[in-house]
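Working through the structure, step by step
Below, each chain spelled out in residue letters.
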Amino acid sequence: MAIYHTSVKTFSRARGQSAVAAAAYRGGLRLKDFQTGQVHDYQRRSGVVASRCVVPPGAPPWALIPGELWPAVEAAERRKDATIAREFEVSLPHELDAEQRSELAWAIAEVLVERYGFAVQASIHAPAIPDGLNHHVHILASTGRITEQGFCDKTKELDGGPTGRIEVEWVREAVASTINSHLEAAGIRSRVDHRSLEEQSQMALLEGDPLRATLLSREPTRHQGKVATALARKGQATHVEETNLSIQQENEEEFESLIQDAVAEGRAIGLPPTHDHRAALAERAKQKSDAPVLVVGDLKIEGVMGIRLPPIENGVWGPERPPRHWSCLEWIDVALRDLWEITQARADLALGVVREWLAGVRRHVVRFGDTVQARPLVASVAVKIRTLKQALLRRGRRESAVRRADRLHHMAQQQWEGFNADHPREGSQWSPKEWAKRRGRRLAVLEMRSIELAKAQERATQPALDAAERDILQQASELAQSCGELPAFVAPSVRRVPEVPRPGPASRPSGPPSR
């Protein structure tokens, strides 16, 4: 479902912040601050989809150029502790495509400009990871209104107090309304609501829907944050994630209880969009796909998710330490499992003859029992399969190490650039010593991540990957060839008992049988 998020924050000289640096960082631009002579260059920054300036009708043409707009914003503020810019950060629904999200971002910027008359720079950012859902837009606005003559009076209604809270609530409602209209135009059923769960619950009570009010009184989940999200992607459990899972489980149990009570009393119940029939079918299909069943010959493996590095690293044994005293069936089952994982990772490896040979041996052993001839052959093939699997693992580790190091380097670079953009110089928020300490800490992390990335890239050069690929192809070819030359196991010959000569007709008694 679409997630709603809108936040408002200010940039102040008292905190050592700069509107020029903030605009350059959010837009991926190279801008010069003429007040300090400092150049802020973020042209190589990744993740910036598009950036556009939006101004009221009649504003001077230079206001559409970031390199002229933000130095003018800085020059218009005289006080050394002035609030120089204001930022609206809005989440964009991942259900929309890139073009629809861009249209939505510009529409939100135009709504704000129309109400407050300031100049804004809207910068759309993509998620930091592939297939991520955190699409959002940073709308950086001047604190003063702009006319044909330039900047005039300031937007003090947003500064705080009762009036500021009312205006922020208007902004949240306007953003939600704009998002919902674009979702409806795109034919998407999801909707967002800027109100808190408590406010939605109270409104349901006023509308005479106590059941929906009870449903909306569920406990909200905790904000996970960047660090916990990064740990969750790496498969590491965090306290926030565990808390949210517990809250979600309790909310689902409460929801099911409400449904059962309504059914028992014969009352109709209006379900939220996330609990409709389509969502239920999607969830059921997801649960079925989460635990696939693999059948290879007579072997049935349940819950196999495909090849991944952690499951392989936690394997039963390595090629250098093969197990002892395993039965032939144990060797075959492990070999078939490893072979399936290999084919899931590399479908181009022609290992069908290996699978057929193992399946035939397994049927033979299941029917006729373990044999002295089959065990050493099966063990040899199983070791070769595991060796091939380890070769794939080594190559995959090199590539995954580069991706992991690149992701960590990107996060460290984002933190370093974000700090320099928000706090390019020391101010009253921290002492000079504390500011230098915080800045140095981020720089040290960035340098460490740069070294890690360089080492990972050195181990995963194209020649090294090509050599690993040749080794994998050679091992796969030798494995298939060896299985093609191995004898096929069939039913063992039936032991014949020496026949006792039966008496012929001459040896039979001539007289009639005795009665």
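Refer to the preceding data block for the structure.
The text that follows walks through the structure, step by step, so that each part is easy to find. On a predicted model such as this, the values are computed, not experimentally measured, just so you know. (Residues numbered from 1 in each chain as written. Predicted model: local features only at pLDDT ≥ 70, side-chain atom pairs only at ≥ 80, totals over all residues. Heavy atoms only, no water.)

Side note on the packing of helix α12 (residues 352–368) against helix α13 (residues 374–422)
Inclusion rule: Here an angle of 0 to 180 degrees is reported between the N-to-C directions of two axes, which are lines fitted to C-alpha atoms, with helices fitted over the stretch in contact. The numbering of helices and of strands both runs from the N terminus, where a helix is a DSSP run of H or I of at least 4 residues and a strand a run of E of at least 2. In a left-handed crossing the near helix is turned counterclockwise from the far helix by less than a right angle, and in a right-handed crossing that turn is clockwise. Whether two residues touch is decided by their heavy atoms; if any such pair falls within 4.5 Å, the residues are in contact. Ten residue types, Ala, Val, Leu, Ile, Met, Phe, Trp, Tyr, Cys and Pro, are classed as nonpolar, four, Asp, Glu, Lys and Arg, as charged, and the remainder, Gly among them, as polar.
In contact at an axis separation of 12 Å, α12 and α13 are set at 145 degrees when each is read in the N-to-C sense. The two elements α12 and α13 cross, and the hand of that crossing is left-handed. The segment α12 lies against α13, with V354, W357, L358 and V361 engaging L377, V378, V381 and I385. For the contact of α12 with α13, the per-class residue count stands at eight nonpolar, no polar and no charged.

Here we look at the layout of surface pockets
Unfilled space is identified by rolling a water-sized probe across the atoms. We count it as follows: In the cavity and pocket records, a cavity denotes points on a 1 Å grid over the protein atoms alone where a 1.4 Å probe fits but cannot get out, a pocket denotes an open set with protein on both sides within 12 Å along at least 5 of 7 lines, and lining residues are residues with an atom within 4 Å of a point. Grid points are joined across faces, edges and corners, and a volume is the space filled by probe spheres set on the points.
Taken as a whole, the second largest pocket spans an internal volume of roughly 380 Å³. Lining the second largest pocket are 17 residues, and of these D41, Y42, R44, Q413 and E417 sit closest to its centre. Secondary structure elements with two or more residues in the lining of the second largest pocket: β3 (38–41) and α13. Of the residues contributing to the lining of the second largest pocket, the split by class is four nonpolar, eight polar and five charged.

Comments concerning the environment of D159
To be explicit about the condition: As used in this structure description, the phrase polar contact means that two N or O atoms lie within 3.5 Å; if the pair is within protein, one of them must be able to donate a hydrogen and the other to accept it, and residues adjacent in sequence are counted only when both atoms belong to side chains.
Summarising the element assignment, D159 is placed in the loop between β8 (150–154) and α4 (161–185). Counting along the chain gives 149 residues from D159 to T10, while the straight-line C-alpha distance between them is 9.0 Å. At a separation of 2.9 Å, a polar atom in the side chain of D159 contacts the side chain of R86.

Comments concerning the nonpolar core
As a reminder, the rule being used: Residue types Ala, Val, Leu, Ile, Met, Phe, Trp, Tyr and Cys, when buried and joined through side-chain atoms within 4.5 Å, form a set referred to as a nonpolar core. Exposure is judged per residue with a 1.4 Å probe applied to protein chains only, and the accessible area is read against the type maximum: over 50% gives exposed, under 20% gives buried, and values in between give partly exposed.
Core analysis: the biggest nonpolar cluster contains 30 residues, and L351, V354, L358, V381, I385 and L479 have the highest contact counts within it. Those elements giving two or more residues to this core turn out to be α11 (328–345), α12, α13 and α15 (462–485). If you tally residues by element for this core, the top one is α13, at nine residues. Counting 29 residues, the second largest nonpolar core, distinct from the first, contains I124, V175, A176 and I179.

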